[in-house]
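# Overview (structure and organization)
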Amino acid sequence: MPLKIVDCLAPKVERVLEEDRALHHRPEVLYAVFKESITQGPFCGMVTAQDVALHPDWIFADLSEHRPVVALPPNTVIDDALALMNDHGCEVVAVMDGAGQFLGAVSRTSLLHALLHETKRMYELIEKDNQQLSAWSLRLSSLSEASSTLLKVLAHSAIESDLLQTGIEALASLLQARYGAIGILSEAGGLKEFVYTGIPPESAKRIDHPPEGKGLLGAVIRENSAIRIEHITQDPRSSGFPPGHPPMTTLLAVPISHLGHIYGRIYLTDKVDGTPFTTNDESLTLNFANTLSLVLDKAREIKQIRHQQQQLDYMAHFDALTELPNRGLLSDRITQAMAQAQRQQHKAAALFIDLDNFKHVNDSLGHAIGDRLLQAVSRRMLQVLREGDTLARLGGDEFVILLPIINEEQDAATVAQKVLSALEPSFDLETHEVYASASIGISVFPTDAPNMDALLAHADTAMYHAKSQGKSHYQFFAPNMAHTTQKVLKIESCLRHALKRNEFLLHYQPQVKIDSQKIVGMEALLRWNSEELGQMSPIDFIPLAEASGQIIPIGEWVLQQACVQGKKWLDAGVGVRVAVNLSVHQFQRDTLRETVMQALRASGLPPTLLELEITESVLMENVEAAVTTLEQIKGLGVRISMDDFGTGYSSLSYLQRLPLNTLKIDQSFVRNIPENPNDIAIVAAIIAMASQFNLEIIAEGVETNDQMEFLRAHGCHCLQGYYFSHPLTPNDATNLLAQAAQNMPPMR
């Protein structure tokens, strides 16, 4: 029976809570992460020692959340477990029973150990066969000198033609047969080996070809049974011998087989004394054939074991999808490269490569296309490397290039640029034209790191900084990056608990009619007062929330709170519409319409008093899907606003297709009017164009009277900015609305 993963559990699995950190680096330990309680709490995922080594200051929740929880029942076979690991690009899989209880975990290492143990067991079975072989040898040792010769043949672990020749000669001599032959079959069923005895050389020359296995000899193979005949010519099955074969009277033929596997057959004809073959002769020949089959079976099993060992070795060192070296083989090569660099006084470099927006390919085109893209990307990167360089896949869309010998750091930069250039042309995958770019971090030994772990960690850090600067970019590691990374990790950690700790709050900035200066709307702006970090700027934490996925629950909270506040203003008689920004992650979720409906129902806010703001770059990423989503939202009665217009990749032809109510002019264009001629032209054009589509126009970032007058003169409808009011707390915003209702001038 095939091995199950319950037989392959990793020996050292430590249960931890998600808020804990690993205090010591223990390479042999796997961590099972639980919420609330390590015995009764929900299971959150697995963390490896390598994860801890790469991010030593992360809590276990941060280490486990970046990958899906992958679990298998205990009766899963090893092949299925390894296939799942390859599909998810993971090194560890949890084992859960039918009740959802955590039983343990398996890693590639534990699976390999189990397979090696199974291999050892197979060797033990072979040893038992050897013992059986010895038993047959003892029985034959009591026979004549011929039987002693047979023993010499059977003592070999592999059967070759000369040994078969010796064997058939000894057997024919032992049974006093004039003629005899051994035929060994190939996997396809043809004759792989054929040796014979007793046929004179002149007769052998007249034999056109070895027996074809038809007739009597074919029946031995087909029926896997012995045949003993006194008068061969009288048997209707006596065809199948070649024309040059000497005349025959009696026949003894037996199969060479073991446990149903047929390796060939032995036949003997015409005893010297003219007597027919006896049952004792048949028994002796069968014993020889059986013993011979054990030797052949042993050789076959050894071949299978060697093949399995080759497969295990390949699985232990290479990635199944891309056939590139994996993390284990990369570690060996980095260690060798560092030792060589120290001896020969040169440098080595590691390039940590992460594909940009690879998740979008998987989500939009499917994992099959994603896998083909990874294979195609691997081939292109290999084309630009030198002989001796190593390209490895760590998992997912992460790769590492090891340059074991560089003369100067610019050599690594040259390779990085070659990789980026190689990825620029599109990839034709089935019917899809896919583009891929990468962010690359470079770390140099011994300049940046004294050991392998530090080299990879620093390259990873540099890659993170390269990604923050835009797509298709590379960055060398610098010492200050580590501090920046630690700061980012701290912010991410605190951000994860901000909602539970009620650390978020909303401020509101008025949107004012330019002619009447009447407040027509309030834009909700997120603020974070962290218990540990203090006041945090949205510029610092919003991108991290986007990258970590925390923006989804945060965005839902913002929408709910803004709707509740809008309903309070309506009940107080100072109702205005409330504008809420949507992130790209919220917009791409299939549940967006239900989320908006739930916020409206829970708060009681009329849909007409809610406006959702979406940046144009989000809309233009997939226009068809954007139109469908916006029409669903607008169908609820909710207003739609395009924020930061002019800063993305807009095409004016899209505006007539998008169901928009409002166009917001980005403050970067408003800031320098009326001094900058270019900004004047851009703003005037946007206003004119939006008017043609009957869109309401709001200018952001208005700070001076000159800016207001320019916008008024060119037909802008509404303004938003410090000229009228800074963002206000809910209480201050309520007071401002009450003042405006009494015809008092707005705050400045």
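Residues numbered from 1 in each chain as written. Predicted model: local features only at pLDDT ≥ 70, side-chain atom pairs only at ≥ 80, totals over all residues. Heavy atoms only, no water.

### Structural notes on the packing of aromatic side chains
Tallied over the full model, the rule gives twelve aromatic pairs. Residues Y31 and F60 carry aromatic rings whose centres are separated by 5.0 Å and whose planes lie at 40° to one another, so their mutual orientation is tilted. With Y31 in strand β2 (residues 30-34) and F60 in helix α2 (residues 60-65), this pair connects stretches of sequence that are 29 residues apart. Each member of the pair Y31 and F60 is classed as buried. Considering the side-chain rings of F34 and F102, the 5.5 Å spacing of their centres and the 90° angle between planes classify their relative orientation as edge-to-face. Here F34 is found in strand β2, whereas its partner F102 is found in strand β6 (residues 102-107), with 68 residues between them in sequence. (Phe/Tyr/Trp six-rings, centres within 6.5 Å; stacked < 30°, edge-to-face > 60°. Helix = DSSP H or I, 4+ residues; strand = E, 2+ residues; numbered from the N terminus. Buried < 20%, exposed > 50% of the residue type's maximum accessible area, 1.4 Å probe, protein only.)

### Things to note about unusual backbone geometry
The phi angle of most residues is negative, glycine excepted, and most peptide bonds adopt the trans form. The omega torsion across F445 and P446 is 0°, close enough to zero to call that bond cis. Mapping P446 onto the fold places it in the loop between β17 (438-445) and α14 (452-468). Positive phi, normally seen in glycine, also occurs at E323, with a value near 65°. Its location among the elements puts E323 in the loop between α9 (279-317) and α10 (327-344). When its relative accessible area of 57% is taken as the criterion, E323 is described as exposed. One non-glycine residue with positive phi stands out, namely Q345, at about 60°. Following the sequence through the fold, Q345 ends up in the loop between α10 and β12 (347-355). The exposure class of Q345 is exposed, given its relative accessible area of 68%.

### A few points about the pattern of salt bridges
A complete count under the given rule lists 24 salt bridges for this structure. One salt bridge connects R121 with E118, and the closest N-O pair in it is separated by 2.6 Å. Pair noted here: R121 and E118 are both in helix α4 (residues 108-140), with a separation of three residues, about one helical turn. The residue R372 makes a salt bridge to E430 at a minimum N-O spacing of 3.5 Å. Of this pair, R372 sits in helix α12 (residues 367-383) while E430 sits in the loop between β15 (427-429) and β16 (432-434), and the two are 58 residues apart along the sequence. Residue classification places E430 among the exposed positions, given a relative accessible area of 56%. (Salt bridge = Lys/Arg side-chain N within 4 Å of Asp/Glu carboxyl O.)

### Brief notes about the side chain of H258
Mapped onto the elements, H258 comes out in strand β10 (residues 251-258). The residues touching H258, leaving out its near neighbours within four places in the chain, are Y263, S293, L294 and D297. (Contact = heavy atoms within 4.5 Å.)

### Re the confidence of the model for the protein
A low pLDDT means the predicted coordinates there should not be read in detail. On average, residues of the protein score 83 in pLDDT, and 86% of them are at 70 or above. A low-confidence stretch, residues 142-147 stays under pLDDT 50, and its non-local contacts, those more than four residues away or across chains, total eight contacts. (pLDDT = per-residue confidence, 0-100.)

### With respect to helix α21 (residues 623-634)
Between its first and last C-alpha atoms α21 spans 16 Å; for twelve residues at 1.5 Å apiece the expected length is 16 Å, and the two agree. Regarding α21, the residues found buried are V623, A626, V627, T629, L630 and I633. (Expected span 1.5 Å × (residues − 1).)

### Notes on the environment of A320
Note that A320 resides in the loop between α9 and α10. Judged by relative accessible area, which is 43%, A320 ranks as partly exposed. On a C-alpha basis, the gap between A320 and N86 in space is 6.7 Å, while along the polypeptide they are 234 residues apart.

### Considering the environment of M708
Turning to its location among the elements, M708 is positioned in helix α25 (residues 705-713). Given the relative accessible area of 3%, M708 is considered buried. Those residues in contact with M708 that sit more than four places away from it in its chain are I514, Q517, V702, L719, Y723 and F724.

### Focus: the packing of helix α19 (residues 592-603) against α21
One way to put it is that α19 packs onto α21 with a least axis distance of 10 Å and a crossing angle of 20°. For the element pair α19 / α21, the angle class is roughly parallel. The two elements α19 and α21 meet at a crossing, and its hand is right-handed. The residues of α21 that touch α19, namely those facing L592, R593 and V596, are T629, Q632 and I633. In terms of residue class, the contact of α19 with α21 is built from three nonpolar, two polar and one charged. (Axes fitted to C-alpha atoms, helices over the stretch in contact; angles between N-to-C directions. Parallel < 35°, antiparallel > 145°, perpendicular 65-115°, else oblique. Left-handed = near helix turned anticlockwise from the far one by under 90°. Nonpolar A, V, L, I, M, F, W, Y, C, P; charged D, E, K, R; others polar.)

### Topic: the sheet that holds strand β18 (residues 473-476)
Taken together, the five strands give an open sheet; going across it, the order is β13-β14-β12-β17-β18, and neighbouring strands pair in mixed fashion. Each of the sheet's edge strands pairs with one partner strand only, and the pair in question is β13 (390-395) and β18. Sheet twist, expressed as the mean angle between neighbouring strand axes with direction ignored, is 20°. Of the strand pairs in this sheet, β13 and strand β14 (residues 398-406) are connected by five bridges, and their pairing is antiparallel. Bridge pairing links A392 to V400 in β14. Along the sheet, α12 makes contact with β12, β13 and β14, crossing β13 at roughly 155°. Contacting β12, β14, β17 and β18, helix α13 (residues 409-423) runs over the sheet at an angle of about 160° to β17. (Pairing = 2+ DSSP bridges.)

### A closer look at the sheet that holds β10
The sheet built from five strands is open, its strands ordered β8-β7-β11-β10-β9 with antiparallel pairing. The open sheet terminates on both sides in strands that have one partner only, identified here as β8 (191-197) and β9 (227-229). Pairwise comparison of adjacent strand axes, ignoring direction, gives a mean angle of 10° for this sheet. Across seven bridges, the pairing between strand β7 (residues 177-185) and strand β11 (residues 261-271) is antiparallel. Each bridged residue has a counterpart across the sheet, and for I182 the counterpart in β11 is I266. Strands in contact with helix α8 (residues 215-223) are β7, β9, β10 and β11; relative to β11, the strand with the most contacts, it is inclined by about 140°.

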